[in-house]
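One letter stands for each residue in the lines below.
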Amino acid sequence: MEVEHIDPTGGDLLNNLCLACGNCNRSKAVATNGIDPETGNEIILFNPRTQHWSEHFVWIENGITIIGITAVGRATVHRLKMNRDIMREARARWITAGYHPPKDD
């Protein structure tokens, strides 16, 4: 896990930091918005400090794939490349080991 700045210009205050996997952190880079692939609209990305995961995302395939169920969720999944093959393979291994999917948001 890596420390991610939710708002890249927001500084190092705790309420602007979260943990993210390397894939998500590098895919987000300095972005704060993403494109909702369903509507084509630019949408602000999910903020784990102010939003609840379960309101924007669901796990399918027993936890291997993340689906965005709102515009925020879809834009975040798309922008952060959350379902790249390497991430899906890692999640399958985590499931086998009993570490995934998380139980709560």
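First, a word on scope: everything that follows refers to the structure included in this document. Please read these numbers as outputs of a predicted model, since none were measured by experiment. Along every chain, residues carry numbers that run from 1 in the direction the sequence is written. In view of the model being predicted, local features appear only for residues whose pLDDT reaches at least 70, and side-chain atom pairs are presented and counted only at 80 or more, with totals across whole chains, interfaces and linings using the full set of residues. Processing note: side-chain calculations cover all non-hydrogen atoms of the structure and skip hydrogens and water entirely.

Description of helix α3 (residues 85-97)
Here is the rule: Where helices and strands are cited, they refer to DSSP runs of H or I of at least four residues and of E of at least two residues respectively, numbered from the N terminus. Expected span of a helix: the number of residues minus one, times 1.5 Å. For each residue, the accessible area found with a 1.4 Å probe, counting protein chains only, is set against the maximum for its type, and the residue is called buried under 20%, exposed over 50%, and partly exposed in between. It is the directions from the helix axis to the C-beta atoms whose arc is reported. Two residues qualify as a contact provided that any one of their heavy atoms is within 4.5 Å of a heavy atom in the partner residue.
The first and last C-alpha atoms of α3 sit 19 Å apart over 13 residues, in line with the 18 Å expected at 1.5 Å per residue. Of the residues making up α3, those classed as buried are Met-87, Ala-90 and Arg-91. Projected down its long axis, α3 shows its buried positions confined to an angular sector of 100°, all on one face. Of the exposed residues in α3, the ones pointing more than 90 degrees away from its buried face are Asp-85, Arg-93 and Thr-96. Where the residues of α3 are buried, they touch α1 (22-28), β5 (57-60) and β6 (65-68). Two residues or fewer past α3, Gly-98 is found with a positive phi of approximately 85°.

Some remarks on a nonpolar patch on the surface
For clarity, the threshold we go by: For patch detection, residues must exceed 30% relative accessible area and be free of salt bridges, and they are connected within 9 Å for like charges or within 5 Å for nonpolar side chains (Val, Leu, Ile, Met, Phe, Trp, Tyr). Per-residue and other accessible areas follow the Shrake-Rupley method at a 1.4 Å probe size, with only the shown protein chains counted as cover for residues. By salt bridge we mean one thing: a side-chain nitrogen of Lys or Arg within 4 Å of a carboxyl oxygen of Asp or Glu.
On the surface, Val-58, Ile-60, Ile-67 and Ile-69 cluster together into a nonpolar patch covering about 270 Å² of accessible area. Assignment of secondary structure puts Val-58 in strand β5. We classify Val-58 as partly exposed; its relative accessible area is 32%.

What about the environment of Trp-94?
Among the secondary structure elements, Trp-94 is positioned in helix α3. Of the residues examined, Trp-94 reaches a relative accessible area of 37% and is grouped as partly exposed. A sequence separation of 31 residues divides Trp-94 from Gly-63, and the C-alpha atoms of the two residues are 9.5 Å apart. The contact partners of Trp-94, leaving out residues within four places of it in the chain, are Met-87, Tyr-99 and His-100.

Considering the side chain of Asp-36
Relative to the helices and strands, Asp-36 is located in the loop between β3 (33-35) and β4 (42-44). Not counting residues up to four positions away in its chain, the partners in contact with Asp-36 are Asn-41, Ile-43, Ala-71, Arg-74 and Ala-75.

A short note on the nonpolar core
Spelled out, the test is: By nonpolar core is meant a set of buried Ala, Val, Leu, Ile, Met, Phe, Trp, Tyr and Cys residues that side-chain atoms within 4.5 Å join together.
Among the nonpolar cores identified, the biggest contains 15 residues, and Cys-24, Phe-57, Ile-66, Val-77, Leu-80 and Met-82 are the most heavily contacted of them. For this core, the leading source of residues is helix α2 (residues 71-79), giving three residues.

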